[in-house]
Amino acid sequence: MSSLMSCRHGLLIAGAIAILIAAALPAGAQSPPGFSPMDKSNPAASKQDEGLKPHATPPTVTPVDKLPLDKIKLPPGFKADVWSSGHPGGRSMVMGTKGTMFMGTRVIGRVYAITEKDGKREAKVLVQGLTQPNGLAFKDGALYVFAINKVFRYDNIEDKLDNPGTPVELTAAYNLPDTVHHNWKYVAFGPDGKMYVQVGSNCNICETNPGIHGQIRRYNADGTGMEIVARGIRNTVGFDWHPVTKELWFTDNGRDWAGNAGPEDELNRVTKAQEGASYGFPYCHAMGIPDPDVKRPNPCAGVILPAALLGPHAAALGIKFYTGKMFPNSYQNVAFIARHGSWNREKKYGYDVVIARVSGGTARIEPFLTGLLNEKTNEFYGRPTYVLPMADGSLLVSDETSGAIYRITYNGKVANN
Amino acid sequence: MIVVSNIWRPLIFGLAAVILCAGQALSQAMSVQDRIVQCAGCHGADGNSPLPNIPSLAGQPAFFVLNQLFLMREGVRKVEAMAPFVKDLKESDLDALSGHFSKLPPKPSGEPIDAALVKRGTEIAAQKKCGSCHKPTLTGDQQVPRIAKQRVDYLTQALTEFRDSKREGADTLMSGAVAGLSDADLVALAHYAASH
């Protein structure tokens, strides 16, 4: 007993010494290199409701008869159907060349494969147990899976959906920062054949190292040849290239806890001449709003301002330009943008799909898919997350909350208006 | 005769329970009642954990427990000690266990609470707005856990893992929220939450 007691005392003393040492060190001393020293949020100053928190995503299947299809509203001539369901937490979508739809997720950690068999769509879990595998891309028969801090390539994946086997690991080659917050990935191959990769800012609002966080990067597919395409980004989880100009356009989520009015989410353009420039985070938001918590002289000097604003706390995520033949001509080259919907706002906002009519370096935003937000009761029925135009000209919209994909078609008689 | 200090008794009990329960987990189709007894081995008969670094589950939001059990079963949240217990859980077990723990009354663990640390923790919590997601009462909501009356040692461990990006599979918002805080700050936050 006495030896046990002395052991306990020894532990207590050791613990106390450890706490004293930790207390004596400055807060940043134990942060790994590149880690932001301190989140500078000042929620008390925002005067927002105490009860705001991110919405939960159900991990279990939503039955087909509980999907909010009847709530969805579209412009005249458009119609929504359920394309697939039964894949809880499904978000990002990429199509394989042999017709397999791959879906990435966040917290549930799965990658789904959706295939068609006897006219019925089936979703199966292709990979599970990953940390937020939101970043998917497909090239030359291979599926690239970007989880937080892990990169895998599954070669010839569509020939082995029942047993994907051991992937080629590219984590070391891509050498992404090991911080987790805002680092679930969005990735896509650009028109130049390079892999474009998001690296978010690992905080709500903080001073980041612009060489590490808050970027879009570009790599060769094997992870070599890294270049920084854009900096000063809070968190983009959606980008695409304009079909004509081939310029990169990306959505960026505005900060939390600076009031219900915003700063608004952004739609940004990257011109070839401006590659590597800053889009303002953390000093300058939206159309030139200085940050209330992280200050510097001339906060917006040298900052590229957005092409358009996408709404306060709207969570603008997926973006895809449309070049299909099914929708009216007026939809040629417009960008469809999924707005996941707000959490850090007392009166909810978003939960829809908008279109951006792009002209040069600016864009006009118009509503497209609505009805999933009940403004009277302040409740939502679904959360549009990503969009994907299909070869037949229809548009798929994923709904993370319901674990479903809706297919939007057009059969109006006012075509070619 | 072997004399064991009171401090160590629950730990040894717990270890015995873990070994016993790991064996039981191998058997097929356990009833929900058996499952609850199994959980009690570490998390306490009334859902209030008597063991260091083991969380209390009493009064946790049902969605939180369901979600965590689901993620552990799925292999997303990797908690080695829990692996044998979650692997055969059915959807109905998830519902039953999460419902059970949500109805149990939470109690303080009996660990000493330091008033100065609570004061410091309260200041940090106001800046971080912990009460926004965990509610002002710190009783949690949906996917966000109750931290009021949680064990100090467990809270300290969890906060440290969040800060150091070691809590694989958990939501990342907490890692952002505690980024850059010192060890002493995290201990203060643990005392603050446990004192509620």
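Asker: What exactly am I supposed to notice about the nonpolar core here?
Answerer: Buried together is how nonpolar side chains tend to be arranged in soluble globular proteins. Counting residues in each nonpolar core, the largest one holds 51 residues, and the members touching the most others are Met93, Ile216, Phe239, Leu248 and Leu396 of chain A together with Leu69 of chain B. Take this core: its biggest share by element is seven residues, from helix H3 (residues 62–74) of chain B. Apart from the residues lying within four places of it in its own chain, the contact partners of Leu69 of chain B are Met82, Val86, Leu89, Leu94 and Leu97 of chain B. By size, the runner-up hydrophobic cluster in this structure holds 22 residues, among which are Leu67, Tyr322, Tyr406 and Ile408 of chain A.

Asker: Sorry, what's going on with the interface of chain B and chain A here?
Answerer: Interfaces are often sized by the accessible area lost when the parts come together. Taken together, the contacts link 41 residues of chain B with 49 residues of chain A. Taken together, both faces of the contact between chain B and chain A bury some 3,700 Å²; the carbon and sulfur share is 60%. Counting the contacts that link chain B with chain A gives one salt bridge. Its salt-bridge partner being Arg110 of chain A, residue Glu74 of chain B comes within 2.3 Å of it at the nearest N-O pair. One can count nine residue pairs in polar contact (both at pLDDT 80 or more) joining chain B with chain A.

Asker: Just to check I follow, could you spell out the environment of Pro68 of chain A for this structure?
Answerer: Along the chain, Pro68 of chain A turns up in the loop between helix H2 (43–46) and strand S1 (78–85). Apart from residues no more than four positions distant in its own chain, Pro68 of chain A is found in contact with Leu372, Tyr381, Asp399, Ser402 and Tyr406 of chain A.

Asker: Is there a simple way to explain the confidence of the model for chain B in this structure?
Answerer: Predicted coordinates in areas of low pLDDT are best not read in detail. Residues and elements named next belong to chain B. Residues at a pLDDT of 70 or more form 86% of chain B, whose mean pLDDT is 86. Ranking the helices and strands of chain B by mean pLDDT puts helix H10 (residues 183–194) first, with 97, and helix H1 (residues 9–26) last, with 47. Per-residue pLDDT stays below 50 along residues 1–27; that stretch engages in 26 contacts with residues further than four places along the chain or on separate chains.

Asker: What exactly am I supposed to notice about the state of the cysteines here?
Answerer: Disulfide: a covalent bond formed between the sulfur atoms of two cysteine residues. Residue and element names in this part refer to chain A. Applying the stated rule across the entire model yields two disulfides over all chains. The disulfide bridge from Cys203 ends at Cys206, spanning 2.0 Å between sulfur atoms. On the S-S bond that ties Cys203 to Cys206, the torsion sits near -80°, and the link is left-handed. The same class applies to Cys203 and to Cys206, which are both buried. Note that Cys284 is cross-linked by a disulfide to Cys300, the S-S spacing being 2.1 Å.

Asker: Would you mind showing me how to read the pairing of strand S8 (residues 150–154) of chain A here?
Answerer: The side chains of a regular strand alternate between the sheet's two faces. Residues and elements named next belong to chain A. Within S8, four of the five residues are buried, leaving the element largely enclosed by the surrounding structure. Across five bridges, strand S7 (residues 142–147) lies against S8 in antiparallel orientation. Residue Ala147 lies in a different strand from S8, and its bridge partner there is Lys150. Pairing between S8 and strand S9 (residues 168–169): two bridges, direction antiparallel. Residue Arg153 lies in a different strand from S9, and its bridge partner there is Val168.

Asker: Would you explain the pairing of strand S5 (residues 120–127) of chain A in this entry?
Answerer: In this sheet, S5 of chain A lies alongside strand S4 (residues 111–117) of chain A in antiparallel orientation, the contact comprising seven bridges. When the sheet's bridge partners are listed, Thr115 of chain A is paired in S5 of chain A with Glu122 of chain A.

Asker: Help me understand helix H6 (residues 115–128) of chain B in this model?
Answerer: Every α-helix winds through 3.6 residues per turn, so residues three or four apart in the chain are directed the same way. Taking 1.5 Å of rise per residue, 14 residues should cover 20 Å, and H6 of chain B covers 20 Å from first to last C-alpha, within 8% of that figure. Listed in full, the buried residues belonging to H6 of chain B are Val118, Gly121, Ile124, Ala125 and Lys128 of chain B. The buried residues of H6 of chain B occupy an angular sector of 125° when the element is viewed end-on, so they sit on one face. Of the exposed residues in H6 of chain B, the ones pointing more than 90 degrees away from its buried face are Ala115, Ala116 and Lys119 of chain B. Those residues of H6 of chain B hidden inside the fold are in contact with H2 of chain A together with helix H7 (130–134), helix H9 (173–178) and H10 of chain B. Two or three places before Ala116 of chain B, at the opening of H6 of chain B, Asp114 of chain B has a side-chain oxygen 2.8 Å from that residue's backbone nitrogen. Backbone geometry just downstream of H6 of chain B places Lys129 of chain B in the positive-phi region, at approximately 55°.

Asker: Would you take a moment to explain the packing of helix H2 (residues 32–43) of chain B against helix H5 (residues 91–103) of chain B for this structure?
Answerer: Each pair of packed helices gets described by two things: the angle between the helix axes and the distance between those axes. Residue and element names in this part refer to chain B. Interaxial distance between H2 and H5 falls to 10 Å at its minimum, and their mutual angle equals 55°. As summarised for this structure, H2 and H5 are arranged oblique, according to the angle between their axes. Where H2 crosses over H5, the two elements pack in a sense that is right-handed. On the side of H2, the interface is formed by Val32, Arg35, Ile36 and Cys39, while H5 contributes Asp93, Ala96, Leu97, His100 and Phe101. Among the residues forming the contact of H2 with H5, the class breakdown is six nonpolar, one polar and two charged.

Asker: Help me understand the sheet that holds S7 of chain A in this model?
Answerer: Two modes of strand pairing occur in sheets, parallel and antiparallel, and in both the strands are linked by backbone hydrogen bonds. All names here are of chain A. Taking strand neighbours across the sheet as the criterion, the four strands line up as S6-S7-S8-S9 in an open arrangement whose pairing is antiparallel. Two strands lie at the open edges of the sheet, namely strand S6 (135–139) and S9, each paired on one side alone. Sheet topology note: the S6/S7 ladder contains five bridges and is antiparallel. Each residue of the ladder has a partner; that of Phe138, found in S7, is Leu143.

Asker: What is the right way to read H5 of chain B from this model?
Answerer: All names here are of chain B. With 13 residues, H5 should reach 18 Å at 1.5 Å per residue; the first-to-last C-alpha distance of 19 Å fits that figure. What H5 keeps buried is the set Asp93, Leu94, Leu97, Ser98, Gly99 and Phe101. Against H2 and H3 lie the buried residues of H5.

Asker: Can you help me understand the packing of helix H8 (residues 152–163) of chain B against H10 of chain B in this one?
Answerer: Residues and elements named next belong to chain B. For the pair H8 and H10, interaxial distance at closest approach is 8 Å and the crossing angle is 135°. Here H10 runs oblique to H8, going by the angle between their axes. For H8 against H10, the interelement crossing comes out right-handed. Judged by residue contacts, Val152, Leu155, Thr156, Leu159, Thr160 and Arg163 of H8 engage Asp183, Leu186, Val187, Leu189, Ala190, His191, Ala193 and Ala194 from H10. Taken together, the residues of the contact of H8 with H10 break down into nine nonpolar, three polar and two charged.

Conventions we followed
- Residues numbered from 1 in each chain as written.
- Chains lettered and ligands numbered in written order.
- Predicted model: local features only at pLDDT ≥ 70, side-chain atom pairs only at ≥ 80, totals over all residues.
- Heavy atoms only, no water.
- Core = buried A, V, L, I, M, F, W, Y, C linked by side-chain atoms within 4.5 Å.
- Buried < 20%, exposed > 50% of the residue type's maximum accessible area, 1.4 Å probe, protein only.
- Helix = DSSP H or I, 4+ residues; strand = E, 2+ residues; numbered from the N terminus.
- Contact = heavy atoms within 4.5 Å.
- Buried area = accessible area lost by both parts, 1.4 Å probe.
- Salt bridge = Lys/Arg side-chain N within 4 Å of Asp/Glu carboxyl O.
- Polar contact = N/O pair within 3.5 Å; in protein donor to acceptor, adjacent residues only side chain to side chain.
- pLDDT = per-residue confidence, 0-100.
- Disulfide = S-S within 2.5 Å.
- Pairing = 2+ DSSP bridges.
- Expected span 1.5 Å × (residues − 1).
- Arc of directions from axis to C-beta.
- Axes fitted to C-alpha atoms, helices over the stretch in contact; angles between N-to-C directions.
- Parallel < 35°, antiparallel > 145°, perpendicular 65-115°, else oblique.
- Left-handed = near helix turned anticlockwise from the far one by under 90°.
- Nonpolar A, V, L, I, M, F, W, Y, C, P; charged D, E, K, R; others polar.

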